[in-house]
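Chain and residue survey
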Amino acid sequence: MKRYLPFLIVGLVAALAFGGGFALYRSKQTAAPTGAKDGATTGLHVRGKKDAAVTIEEFGDFECPPCSKMAVTLKKIEEEYGSRVRFIFHHFPLINHKHARPAAHAAEAADMQGRFWDMHDLLYKEQNNWSHAQDVFPLLHGYAGAIGLDVERFKKDMESETVQKRVDADHQLGSSRGVSSTPTVFVNNVAVPPASLDPSGLRKAITTALEEKGKTKP
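Residues numbered from 1 in each chain as written. Predicted model: local features only at pLDDT ≥ 70, side-chain atom pairs only at ≥ 80, totals over all residues. Heavy atoms only, no water.

Turning to the confidence of the model for the chain, a few remarks are in order. Across the chain, pLDDT averages 86, with 81% of residues at or above 70. Low pLDDT (under 50) marks residues 4-30, which in the prediction has 1 contact with non-local residues, meaning those over four places away or in another chain. (pLDDT = per-residue confidence, 0-100. Contact = heavy atoms within 4.5 Å.)

Laid out in structure tokens, this is it:
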């Protein structure tokens, strides 16, 4: 038995290493964002035609600098691809961004007056200002006035249960699909790898989706 003991130990170590490696691989696979289980890509905040060939779905945080850059990129893509693409935005405020949730509430409060995308665009444009403020609320109220909202109603809506539930629901949806960072982007329900979240990577994903739909031309 002693003759075979070293071989048994080596075999056991190898088996444990393989098992650990496999478990790590599985955990990485599980952690990767996934598309909607039913294949449906829907949300409260949609820009573009319902029958567009490509749907770009984003989970974003208004205080996240890469999300601000993504907003600029998506605007250019919208201009470039026109009616062939539509956009869906979901809130995913990160816990380490202290003003991200108030900003998400501001966007939802703006939506209560039909101006979500105006607030969405303004928050990203002005991100460097409000994200560093000690008290963010006066700035958010000022933005509401700048886009023509009833500011007193906006203030009440920001604190409402309806707005809080909307943001929470988006965050829970993202968590259920493996979202853990922002921006997380899906193109036709397929997650775009973080390394490809640049203009060329997104265009490549869109081109692939269009080819699958057979609609590479306008």
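The full count for this structure, using the stated rule, is 12 salt bridges. Across the salt bridge formed by Arg166 and Glu108, the nearest N and O atoms sit 2.8 Å from each other. On the criterion of sequence distance, the pair formed by Arg166 in helix 8 (residues 161-176) and Glu108 in helix 3 (residues 100-111) is long-range, its members being 58 residues apart. Note that Arg166 and Asp111 form a salt bridge whose closest N and O atoms lie 2.7 Å from each other. Remark: Asp111 occurs in helix 3 and Arg166 occurs in helix 8; sequence separation between them is 55 residues. Taking the relative accessible area as the measure of exposure, Asp111 reaches 23% and is therefore partly exposed. (Salt bridge = Lys/Arg side-chain N within 4 Å of Asp/Glu carboxyl O. Helix = DSSP H or I, 4+ residues; strand = E, 2+ residues; numbered from the N terminus. Buried < 20%, exposed > 50% of the residue type's maximum accessible area, 1.4 Å probe, protein only.)

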